[in-house]
Amino acid sequence: MTPASGTVVARTSASDSQRRVLARRRRYLLDGRPVEFATSYLPLGIARGTQIAEPNPGPGGIYARLEELGHQLDHFEEEIRARMPSPTEVKALQLASGVPVIHLIRTAFDTAGRAVEVCDTVMAADAYVLSYQLPAT
């Protein structure tokens, strides 16, 4: 459990009574090199006491567990920006001088319109290509 940051509160429209969230932190490696770290924030009222709060949430990850709890996923909103890393990010991702990061914030919404997860991800820009397919309609 952790206090929700202003960004998380704003994205989830959390009330004052919902300012505590479950934070799930992950670090990803490519050939032994750290290339990404991410933190998912979930409303405590949804995640507390569930498999989501366990170190391994099981097959399908937290999205499968959310759906099992009745939060059918409807859509995601993503905000992506490239920027220069903070000193902490340079160290955590072992970045060479001048390498930017990609900062992605994704919010997952259920069919009731409730934000059920905010995922804050920082990626080493030299390790990723972001590729999307979007419907034309």
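Look up: the structure comes first, before these words.
All values reported here derive from a predicted model rather than from experimental measurement.

Rules and cut-offs
- Residues numbered from 1 in each chain as written.
- Predicted model: local features only at pLDDT ≥ 70, side-chain atom pairs only at ≥ 80, totals over all residues.
- Heavy atoms only, no water.
- Helix = DSSP H or I, 4+ residues; strand = E, 2+ residues; numbered from the N terminus.
- Buried < 20%, exposed > 50% of the residue type's maximum accessible area, 1.4 Å probe, protein only.
- Contact = heavy atoms within 4.5 Å.
- Core = buried A, V, L, I, M, F, W, Y, C linked by side-chain atoms within 4.5 Å.

(A) Seen up close, the environment of A108. Assignment of secondary structure puts A108 in strand β5 (residues 101–110). The exposure class of A108 is buried, given its relative accessible area of 0%. Apart from the residues lying within four places of it in its own chain, the contact partners of A108 are Y63, L73, H75, F76, R114, A115, V116 and E117.

(B) Highlighting unusual backbone geometry. Not every positive phi belongs to a glycine, and D31 is a case in point at roughly 55 degrees. Judged by relative accessible area, D31 falls into the exposed class, the value being 81%. In the Ramachandran plot, Q94 falls in the positive-phi region, its phi being about 50 degrees despite a non-glycine side chain. If you trace the backbone, Q94 turns up in the loop between α4 (87–93) and β5.

(C) Fine view of the nonpolar core. Counting 11 residues, the largest nonpolar core consists of L22, L42, L44, I46, A47, I52, I62, L66, L73, A108 and V116. Mapped by element, the contributors of at least two residues to this core are α2 (44–47) and α3 (61–68).

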